[in-house]
Amino acid sequence: MYRIGIDVGGTNTDAILLDEHNQLLHAVKSPTSLDIGSGIEASLRSLLAEAGIDKTLITHAMLGTTQCTNAIVERKKLAKVGVIRLGYPATASVPPYTAWPQDMMEVLSGRYALVQGGYEYDGQVLGEINEAEITALLKEWQDQVEAIAVIGVFSSIKNDQELQVRDFIHNAYGEGFPVSCSSLIGSVGLIERENATILNAALCKVIKTTTEGFVHALAEEGITSAQVFLCQNDGTLMSIDYAKQFPILTIACGPTNSIRGASYLAQIKDTMVLDVGGTTSDIGVLQDGFPRESSVAVEVGDIRTNFRMPDIISVGLGGGSIVRVNESGKITVGPDSVGYRIGEEALVFGGKTLTTTDIAVRLGLADVGNPSLVAHLEEDFARSVQAEISLILEQAIDKMKTSSDDVRLVLVGGGSIIVPDNIRGVASMIKVPNGGVANAIGASIAQISGQYEQIYIYSREPRESSLQDAREKAVKQAVLAGAAEDTIELVEVEETPLAYHPENATRLRVKVVGQMR
């Protein structure tokens, strides 16, 4: 029995093969293609050709992809979205798309409607849904929107109105029409939750193309019976059907794959991880084997959201980062990079662009390309560049610390050859075998997760029964995502009392994980 893991990075697309004991059998790297898909196909083809295994024994295939992130950043391939907010007239002063970039609004259509509905902060009805109002709106939007986002005021306390509107939409447009409900995506905070829900709805076409392309690539190689999963941004996996409902959860899954892979390779559950790629370096923290989650609102494509995101810092430093010296002699490293063209443009490969990889080869830190092509570089100059690299990493690592103590750092990623042996603030640095493909390994060994978050009022529903309810709903999410129910276990409970609420209201978040079915 074998598993395949593929991770699409900005520079390389990595593919690895694991056996039933999670032992790495083979790994390949291919340059990431502009269309992403052909890069995946090339890596998959090389992996299978070099490994020479029986393809019928491949049981699982996992993909970590940047497609959704790229679509938002580049404003491409996004669906036309209609936004229905349940909360008129109470929320009319701040309409949907407030503070959005104008170009993004135009791509998504900027179409929205404020309708009756919603709840008060204590669960009392703010307004009843008017079915006739929704029906008339849907008739007006017929053939003008490709997905709809439904946002109810305080739906994080009660979401039955959102689900009711979803039913109205499916009755009008068909069961397969993409509908995103905010209570299933974001946290407390109307505007940020609404923004996350709109982005989720906008990604429906991208995720459909991505998943179908991956399945097609597998079929082209004769892999037709394997279960297919996509990576989530909490270091776990989800089924294709679940990914189509929540494509926004794939955003930032690349760094979390690397963090999970680093944990597995180093056999460490609590540490800081530095993943150096060709273009960027990502720094995250492992807590009990999973990436630490961000506790603040996160901007995605210049849009403020509050859905689940990992606590990651990215800096423009990688193996392909361009090194420059200005007229006054000041050295700059990055943030621009030669990216997937490093094999043509870096000096050690016969190119004309000075990169961090050239510096690493000149100082004897790496053995790639032709060292004689960088022999003309002065050692003092190379050391000065290395000092600049150290400074960039020191500053980023300091931002991730929760104390002034020196940290233990696990180093992974194909660009990790550029990292100096000593960095201030780092007590010890662990370089693991096969760290260059930690991202694809993280994708392959991941479990399935389920998470549920809601505001509970403990004076009405006791804490124990609230915890039980949240756990049952988290388990349901995990099963929908592809977990075997009898393997699911509770891994995290977070309770946040809401200040000034007269009845002891608490935001309760529960996370469970289980094995793949």
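Our structure is the block above this text.
Our subject in this report is the structure included herewith. (Residues numbered from 1 in each chain as written. Predicted model: local features only at pLDDT ≥ 70, side-chain atom pairs only at ≥ 80, totals over all residues. Heavy atoms only, no water.)

### Overview of the pairing of strand E12 (residues 281–287)
On any regular strand, side chains alternate: one points to one face of the sheet, the next to the other face. The condition is simple: For every residue, the accessible area obtained with a 1.4 Å probe (protein chains only) is divided by the maximum for its type, and the residue is called buried under 20%, exposed over 50%, and partly exposed between those limits. Runs of E in the DSSP output that reach at least two residues are strands. Runs of H or I that reach at least four are helices, and both are numbered from the N terminus. When DSSP finds two or more bridges between a pair of strands, those strands are recorded as paired.
Burial analysis of E12 places six of its seven residues in the buried class, the great majority of the element. Where strand E11 (residues 271–276) lies against E12, six bridges are found, and the strand directions are antiparallel. Within E12, the residue paired with Leu-274 across the bridge is Ile-283. Connecting the antiparallel pair E11 and E12 is a turn made up of four residues. One ladder, built from three bridges, connects E12 with strand E16 (residues 313–315); its direction is antiparallel. Following the sheet pairing, Asp-282 is matched in E16 by Ser-314. Of the strand pairs in this sheet, E12 and strand E13 (residues 290–291) are connected by two bridges, and their pairing is antiparallel. Each residue of the ladder has a partner; that of Leu-286, found in E13, is Pro-291.

### Here we look at the packing of aromatic side chains
The following threshold applies: Each Phe, Tyr or Trp ring, with Trp reduced to its six-membered ring, pairs with another whose centre is within 6.5 Å; inter-plane angles below 30 degrees give stacked pairs, above 60 give edge-to-face pairs, and intermediate values give tilted ones. Cation placement over rings: the criterion is NZ of Lys or CZ of Arg within 6 Å of the ring centroid and within 35° of the ring normal.
Evaluated as defined, the whole model comprises three aromatic pairs. Measuring from centroid to centroid gives 4.8 Å for Tyr-173 and Phe-177, while their planes differ by 65°, and the two rings are edge-to-face. Assigned by exposure class, Tyr-173 and Phe-177 land together as buried. Relative to Phe-246, the ring of Tyr-242 lies with its centre 4.9 Å away and its plane at 50°, an arrangement referred to as tilted. Classification of Phe-246 as buried rests on a relative accessible area of 5%. Geometry around Phe-290 places Arg-260 over its ring, the cationic atom sitting 4.5 Å from the centre.

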